[in-house]
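The residues making up each chain are set out below.
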Amino acid sequence: MDVDHDTLVSVSKSWGLFYLIAFSIGVLIYTFWPSNRKRFDKAKKNILRDEDDKPWK
Amino acid sequence: MVKQLTSGERQFAAVILVVLAVLGIAMAAAGRADPLGVHGLIVLLYSGALLYVVLSSFYEREPDLSLRTRYYDDPIKVGIALTMAWAVFGMFIGVWVAAQLAWPNLAFDAAWSSFGRLRPAHTTGVIFGFGGNALIATSFHVVQRTSRARLAGQISPWFVLFGFNLFCILAVTGYFMGLTQSKEYAEPEWYADLWLVVVWVVYFILYIRTLARRREPHIYVANWYYLAFILVVAMLHIVNNIAVPVSLGHAKSYTVWAGVQDAMVQWWYGHNAVAFFLTAGFLAMLYYYLPIRAGRPIFSYRLSILSFWGITFFYMWAGSHHLHYTALPHWVQNLGMTFSIMLLVPSWASAGNALLTLNGAWHKVRDDATLRFIMVAVIFYGLSTFEGSFMAIRPVNSLSHYTDWTVGHVHAGALGWVAMITFGSLYTLVPTLWKRERMYSAMLVEVHFWLALAGTLIYVFAMWNSGIIQGLMWRTYTQEDTLAYSFLDSLVAMYPYYIARAFGGLLFLLGAIVASYNIWMTVRYSPEALTDRAPAGPDQGPLPENVTAPAE
Ligand code: HEM
């Protein structure tokens, strides 16, 4: 099949848009998913905990 | 370095280096008088020198394997030394090329020192040499600390570090001989490109394997940025550099891309080099060293995730703004323009997140020059992304393109953002890594800060002025509808700005030299931090092995 310029243009103008929208929605859901809240909170505080500068067992 | 390796690992290191040396001999034999032959010789010398280091400690006592429960910091230390060496080299060449633009005689009539060869030596030296080594060194630090796990390899971190530096050396020496693929920021020829692919794949595997060892349930966001940097740079590098060499005994190659596709691939690469080499990894530094230095967690972790995905997916489509008013289809230019403007949102989200983290700690910013480096970096990040989005608008670009405005923008980003965040991170990292109480001289950090800030401001203002004057002169018409100024007129108008720019650059270079001295003195003379930590082992002793005793 010959993929010409017009085909590429229409694909990027339609599916390109939808995939980016779908992707953004996915990211938003992940970010604001209630049960992730605690994980994120711990992650951001934990890097400041550095008792003995050694890997954990 | 070598003392840390078991005898099996020492053998393995020696084998790798012998293979590399044989490759060098093969290149030298195939290339003969061609620059490829010279590069073969350089590969041979480089691997020979490293082999000497390995062999001279080959039969030393085996290391105490219980030390392997510690973090692996030696490669980071060497990486920091290389970072500073490249900073001084790259910035020196930068000041030199800047001076050549004001006083062309400074090329001294030699081919190797002409502007066209020194300029890529400057960009490669600072972007890959200075920036790349800083990224590798800090990524090794951040991934271990945030994962609470040791690097997943004894030899591979060294392979990544020295392999990458070999690439940089091949690149820069190639330019001096007149070698280039004529692709901006991707000038090195095919064999250096192939070598970088090998190095980069090892880097990626090492990073992933270290993350897999992590003891923290969640992968801290800084690692996402480093990983994006590693993964995307691999993609960009491979696609943009697909080329066919004239023959295996020749340094010269031809790209497989043709015409406008070539231009698009090149600037898809070029812009994402800005995004993933010059931004993503440095944002990783920001998200780790800023909270550490300020002693407070990042303002909003969720915002950092949203801006991560925003930056990753918007940047990908922005490259065509480098090709406004070209043969590139109009809709592709529009696409790049639109995405560039949208990019402002995640960019400012990161900048705002960082500034809000500092909110409430402004007294620390006032007192601590290191934290001030980080804060100023954030401000320049916000500034240069705003400027970039603005310049990406087609009519604005018609004024800025081909002028010094672009150069001003680049250096607001490169000096103000990339270099400042690097120095802020290094001043945070060096004392902890060498277990020192603090940097040797807080005063010198302060001096460096003001040199860097003054240098950046002089540089950027000179180029903004010069660029806009240039752009306006080129589009001024007389009443008879002819151009009012010749190109030469605009060149004469640039003269004072070029002198100012060289001076600003000189200040910045002096700052980097001060930093190198301060880091060196910290390693050698600063008192050890008083802690109740376990007694230091060889990889954490008071002196790193590559430093001799003060009595010398
Ligand atoms: C939202 C973010 C950004 C956007 C939309 C953007 C946009 C642009 C635009 C429109 C140009 C001029 C292209 C031309 O006329 O040829 C440019 C050039 C450049 N920018 Fe940015 N920029 C951004 C951030 C940055 C940052 C943070 C850096 C870091 C150093 C940077 C480094 C560069 C470089 C090196 C060039 C010169 C490319 C060349 O050699 O022609 N940019 N950018």
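For the structure, see preceding data.
Presented here is an overview of the structure given in this document.

Thresholds applied
Residues numbered from 1 in each chain as written. Chains lettered and ligands numbered in written order. Predicted model: local features only at pLDDT ≥ 70, side-chain atom pairs only at ≥ 80, totals over all residues. Heavy atoms only, no water. Near = heavy atom within 4 Å. Polar contact = N/O pair within 3.5 Å; in protein donor to acceptor, adjacent residues only side chain to side chain. Helix = DSSP H or I, 4+ residues; strand = E, 2+ residues; numbered from the N terminus. Nonpolar A, V, L, I, M, F, W, Y, C, P; charged D, E, K, R; others polar. Donors = N, O, S within 2.8 Å, 3.2 Å for Na, K, Ca; no water. Contact = heavy atoms within 4.5 Å. Expected span 1.5 Å × (residues − 1). Bend = angle between axes of the 7 residues up to and from the residue. Axes fitted to C-alpha atoms, helices over the stretch in contact; angles between N-to-C directions. Parallel < 35°, antiparallel > 145°, perpendicular 65-115°, else oblique. Salt bridge = Lys/Arg side-chain N within 4 Å of Asp/Glu carboxyl O. Buried < 20%, exposed > 50% of the residue type's maximum accessible area, 1.4 Å probe, protein only. Buried area = accessible area lost by both parts, 1.4 Å probe. Phe/Tyr/Trp six-rings, centres within 6.5 Å; stacked < 30°, edge-to-face > 60°. Lys NZ or Arg CZ within 6 Å of the ring centre and 35° of its normal. Left-handed = near helix turned anticlockwise from the far one by under 90°. Lys, Arg positive; Asp, Glu negative; His and termini not counted. Core = buried A, V, L, I, M, F, W, Y, C linked by side-chain atoms within 4.5 Å.

**Digging into the site of the ligand**
Residues and elements named next belong to chain B.
Consideration 1: Within the structure, the ligand sits among 26 residues, and E184, Y185, N397, H401 and H409 are positioned closest to it.
Consideration 2: For the ligand, an oxygen atom lies 2.7 Å from a polar atom in the side chain of Y185.
Consideration 3: For the shell around the ligand, the secondary-structure elements that each account for two or more residues are α8 (259-294), α13 (369-391) and α15 (404-433).
Consideration 4: Here the shell around the ligand is composed, by residue class, of 10 nonpolar, 15 polar and 1 charged.

**Looking at the coordination of the iron atom of the ligand**
Consideration 1: Its sole protein donor being B:H409 (NE2), the iron atom of the ligand sits 2.1 Å from that atom.
Consideration 2: By the secondary structure assignment, B:H409 is in helix α15.

**Quick look at the side chain of B:T522**
Consideration 1: With respect to the helices and strands, the residue B:T522 is situated in helix α17 (residues 487-525).
Consideration 2: Residues in contact with B:T522, not counting those within four places in the same chain, are B:V430, B:R436, B:R438, B:M439 and B:Y440.

**Here's the deal with α17(B)**
Consideration 1: The terminal C-alpha atoms of α17(B), which comprises 39 residues, lie 55 Å apart, in line with the 57 Å expected from a rise of 1.5 Å per residue.
Consideration 2: Of all the bends in α17(B), the greatest reaches close to 40 degrees and is centred on B:Y495; the proline B:P496 follows between one and four positions later.

**Points about the packing of helix α4 (residues 115-147) of chain B against helix α5 (residues 156-176) of chain B**
Residues and elements named next belong to chain B.
Consideration 1: Look at α4 against α5: their axes get within 9 Å of each other, and the N-to-C directions meet at 175 degrees. In terms of orientation, α4 and α5 fall into the roughly antiparallel class. Between α4 and α5, the residues in contact are R117, L118, P120, A121, T124, F128, G129, G132, N133, I136 and F140 and P157, V160, L161, F164, N165, C168, A171, V172, Y175 and F176, respectively.
Consideration 2: Its residues assigned to classes, the contact of α4 with α5 shows 15 nonpolar, 5 polar and 1 charged.

**Concerning the pattern of salt bridges**
Consideration 1: Tallying each qualifying case throughout the model produces 11 salt bridges over all chains.
Consideration 2: For the salt bridge of A:D53 with B:R145, the shortest nitrogen-to-oxygen distance reads 3.0 Å. Of this pair, A:D53 sits in the segment after α2 (36-46) while B:R145 sits in helix α4, placing the two residues on different chains. Across the pair, exposure class does not vary: A:D53 and B:R145 are buried alike.
Consideration 3: For the salt bridge of B:E9 with B:R68, the shortest nitrogen-to-oxygen distance reads 2.8 Å.

**Description of the interface of chain B and chain A**
Consideration 1: Across the boundary between the two partners, chain B contributes 37 residues, which contact 28 residues of chain A.
Consideration 2: Interface area, chain B with chain A, both sides summed: about 3100 Å², of which 67% is carbon and sulfur.
Consideration 3: The largest share of the area that chain B buries against chain A comes from B:R148, B:R302 and B:W331, three residues that together contribute 24% of it.
Consideration 4: Summed over the shared surface of chain B and chain A, the number is 2 salt bridges.
Consideration 5: A salt bridge links A:D53 to B:K435; its shortest N-O distance comes to 3.1 Å.
Consideration 6: Listing elements by their share of the side of chain B that touches chain A, those giving two or more residues are α4, α8, α9 (301-315) and α10 (330-342) of chain B.
Consideration 7: Looking at side-chain class alone, the side of chain B that touches chain A contains 22 nonpolar, 5 polar and 10 charged residues.

**Some details on α4(B)**
All names here are of chain B.
Consideration 1: Between its first and last C-alpha, α4 extends 45 Å over 33 residues, near the 48 Å set by a 1.5 Å rise per residue.
Consideration 2: Taken as a whole, α4 carries its principal kink of about 30 degrees at G125.
Consideration 3: Most of α4 is tucked away, with 29 of its 33 residues classed as buried.
Consideration 4: R148, located one to two residues past α4, shows a positive phi value of around 55 degrees.

**Topic: the packing of aromatic side chains**
Residues and elements named next belong to chain B.
Consideration 1: Considering all chains together, one arrives at 47 aromatic pairs over all chains under this definition.
Consideration 2: Site record: aromatic cluster; members linked through ring pairs are F128, F140, F164, F167, W200, Y203, F229 and F277.
Consideration 3: Looking at R150, its charged tip hangs above the ring of Y72, at a distance of 4.5 Å from the centre.
Consideration 4: The residue whose ring lies beneath K252 is Y254, and the NZ or CZ to ring-centre distance is 5.0 Å.

**Focus: the packing of α5(B) against helix α6 (residues 190-212) of chain B**
Residue and element names in this part refer to chain B.
Consideration 1: α6 packs onto α5 with a crossing angle of 155 degrees between their chain directions and a minimal axis gap of 9 Å. Here α5 is positioned roughly antiparallel relative to α6, judged by the angle of their axes. Pair α5 / α6 crosses with left-handed handedness. Residues S156, P157, F159, V160, G163, F164, L166, F167 and L170 of α5 form the contact with α6, whose participating residues are A192, D193, W195, L196, V198, V199, W200, V202, Y203 and L206.
Consideration 2: Looking at the contact of α5 with α6, its residues break down into 16 nonpolar, 2 polar and 1 charged.

**Examining the side chain of B:R10**
All names here are of chain B.
Consideration 1: Mapped onto the elements, R10 comes out in helix α1 (residues 7-31).
Consideration 2: Here R10 sits buried without a salt bridge, and the closest side chain of opposite charge, E62, lies 5.8 Å off (N-O distance).
Consideration 3: Here the side chain of R10 touches S57 through a polar contact of 3.3 Å, landing on its backbone oxygen.

**Here we look at the environment of B:A14**
Residue and element names in this part refer to chain B.
Consideration 1: With respect to the secondary-structure elements, A14 resides in helix α1.
Consideration 2: Residues A14 and I219, spaced 205 residues apart in sequence, show a C-alpha to C-alpha distance of 35 Å.
Consideration 3: The residues touching A14, leaving out its near neighbours within four places in the chain, are L51, V54 and F58.

**Observations regarding the nonpolar core**
Residues and elements named next belong to chain B.
Consideration 1: Core analysis: the biggest nonpolar cluster contains 162 residues, and F229, W417 and F423 have the highest contact counts within it.
Consideration 2: Element by element, the count of residues in this core is highest for α8, at 19 residues.
Consideration 3: If sequence neighbours within four positions are ignored, F423 has contacts with M84, M91, F130, F373, H448, F508 and A512.

**Description of unusual backbone geometry**
Residues and elements named next belong to chain B.
Consideration 1: Backbone geometry places D109, a non-glycine residue, at a positive phi of 60 degrees.
Consideration 2: Mapped onto the fold, D109 is located in the loop between α3 (74-102) and α4.
Consideration 3: Since its relative accessible area comes to 83%, D109 is described here as exposed.
Consideration 4: For Y185, which is not a glycine, the phi torsion comes out positive at approximately 65 degrees.
Consideration 5: Within the secondary structure, Y185 is located in the loop between α5 and α6.

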